[in-house]
Amino acid sequence: YLKIAKKWVKIPKNESFSLCFGIFFVTLQAEKKPRTKRIDMKSSFNKDVALQAMLYILSKLGTIDMHRVSKILYFADRSHLSKYARSITGDDYIKMSYGPVPSNVYDIMKAVRGDSFFANTSEAKTLEQYFKFVNSKDIISLTDVNLDYLSDSDVECLDEAIALCKNLSFEELTRLSHDYAWNNT
């Protein structure tokens, strides 16, 4: 402690009170500092991976609605995060009445559908090559999935989520997704 104390407090020679105070001061300052550095979580959303995950889902189920795509991605991301310590899409999920929704994927879907701020941008036009809406809710794929963007573990968790969600009704999917994470958002 003496070496540390000398860095922070000038200790006069032969003054034990000052030395004790200096050690106390340094110890107090060390306890105030956080033991681990806090890292601000930034979105790690990967548009290409998210698009390919959507296309993978569409390749397995054909024409499906936005709600089902959102729930499959939610359960796949949740499972992958639990098993492999990372999300597949890196998307941020928002709490909505019918359950969690992947924020960026939802924006992509709305842009392609033509009802978002980004609907008439060049980015939205680029996205239209991947999928389209057959009505206001149902999506079909316009291209094949590129599995180079998805890891084996991504596909594993997507398959599990597809199996979980494929035969559930809208209400059942909503109820199932109103889980602990959704309730505590």
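Anything mentioned here points back to the structure above.
What counts and how
- Residues numbered from 1 in each chain as written.
- Predicted model: local features only at pLDDT ≥ 70, side-chain atom pairs only at ≥ 80, totals over all residues.
- Heavy atoms only, no water.
- Helix = DSSP H or I, 4+ residues; strand = E, 2+ residues; numbered from the N terminus.
- Buried < 20%, exposed > 50% of the residue type's maximum accessible area, 1.4 Å probe, protein only.
- Areas by Shrake-Rupley, 256 points an atom, 1.4 Å probe, with all protein chains shown as cover.
- Phe/Tyr/Trp six-rings, centres within 6.5 Å; stacked < 30°, edge-to-face > 60°.
- Lys NZ or Arg CZ within 6 Å of the ring centre and 35° of its normal.
- Core = buried A, V, L, I, M, F, W, Y, C linked by side-chain atoms within 4.5 Å.
- Polar contact = N/O pair within 3.5 Å; in protein donor to acceptor, adjacent residues only side chain to side chain.
- Contact = heavy atoms within 4.5 Å.
- Salt bridge = Lys/Arg side-chain N within 4 Å of Asp/Glu carboxyl O.
- Arc of directions from axis to C-beta.

K.L.:
Describe the overall build of the chain, listing the residues and the values that go with them.
P.N.:
Along the chain, the regular secondary structure elements total 9 helices and 5 strands. Seen in sequence order, the chain has helices and strands lined up from the N terminus as α-α-α-β-α-β-β-α-α-β-β-α-α-α. Residues classed as buried in the chain amount to 36% of the 185 residues present. Carbon and sulfur atoms make up 54% of the accessible area of the chain, which amounts to about 11,800 Å² in all.

K.L.:
Quick rundown of the packing of aromatic side chains? Include the residues and the values.
P.N.:
Across all of its chains, the model carries 4 aromatic pairs by this definition. Residues tyrosine 98 and phenylalanine 170 carry aromatic rings whose centres are separated by 5.1 Å and whose planes lie at 70 degrees to one another, so their mutual orientation is edge-to-face. Taken together, the residues tyrosine 98 in the loop between strand 2 (93-96) and strand 3 (99-102) and phenylalanine 170 in helix 8 (residues 170-177) connect sequence positions 72 residues apart. Its relative accessible area of 35% is what places phenylalanine 170 among the partly exposed residues. Connected via pairs of aromatic rings, a cluster forms that spans Tyr74, Phe75 and Tyr93. The ring of tryptophan 182 is capped by lysine 95, whose NZ or CZ atom sits 4.5 Å from the centre of that ring. The residue whose ring lies beneath arginine 113 is phenylalanine 133, and the NZ or CZ to ring-centre distance is 5.7 Å.

K.L.:
Which residues make up the nonpolar core, and what values do they have?
P.N.:
The biggest cluster of nonpolar side chains holds 35 residues, and the ones touching the most others in it are Leu73, Met109, Phe131, Ile139 and Leu158. Among the elements of the structure, helix 3 (47-61), helix 4 (66-84), helix 5 (103-113), strand 4 (131-133) and helix 7 (152-165) are those that each provide at least two residues to this core.

K.L.:
Hey, could you go over the side chain of aspartate 179 for me, with residue numbers and the actual values?
P.N.:
With respect to the helices and strands, aspartate 179 occurs in the loop between helix 8 and helix 9 (180-183). A relative accessible area of 13% means that aspartate 179 is categorised as buried. One polar contact links the side chain of aspartate 179 to the main-chain amide nitrogen of tryptophan 182, over a distance of 3.1 Å. Apart from the residues within four sequence positions on either side, aspartate 179 is in contact with Tyr74, Phe75 and Arg78.

K.L.:
Outline the pattern of salt bridges, supporting the account with residue identities and numerical values.
P.N.:
Working definition: two side chains of opposite charge can pair if their charged atoms are close together. All chains considered together, the criterion is met by 8 salt bridges. Residue lysine 125 pairs with glutamate 128 through a salt bridge whose shortest N-O separation is 3.8 Å. On the basis of relative accessibility, which here comes to 29%, the residue glutamate 128 falls in the partly exposed class. Salt bridges sharing common partners tie together Lys83, Glu156 and Glu160.

K.L.:
If you had to explain helix 8 to someone new, which residues and values would you point to?
P.N.:
Burial in helix 8 covers these residues: Leu173, Thr174 and Ser177. Projection of helix 8 onto a plane perpendicular to its axis shows the buried side chains occupying an angular sector of 100 degrees, all on one side. In this structure, helix 8 carries Glu171 and Arg175 as exposed residues pointing more than 90 degrees from its buried face. Residues of helix 8 that are buried sit in contact with helix 4, strand 3, helix 7 and helix 9.

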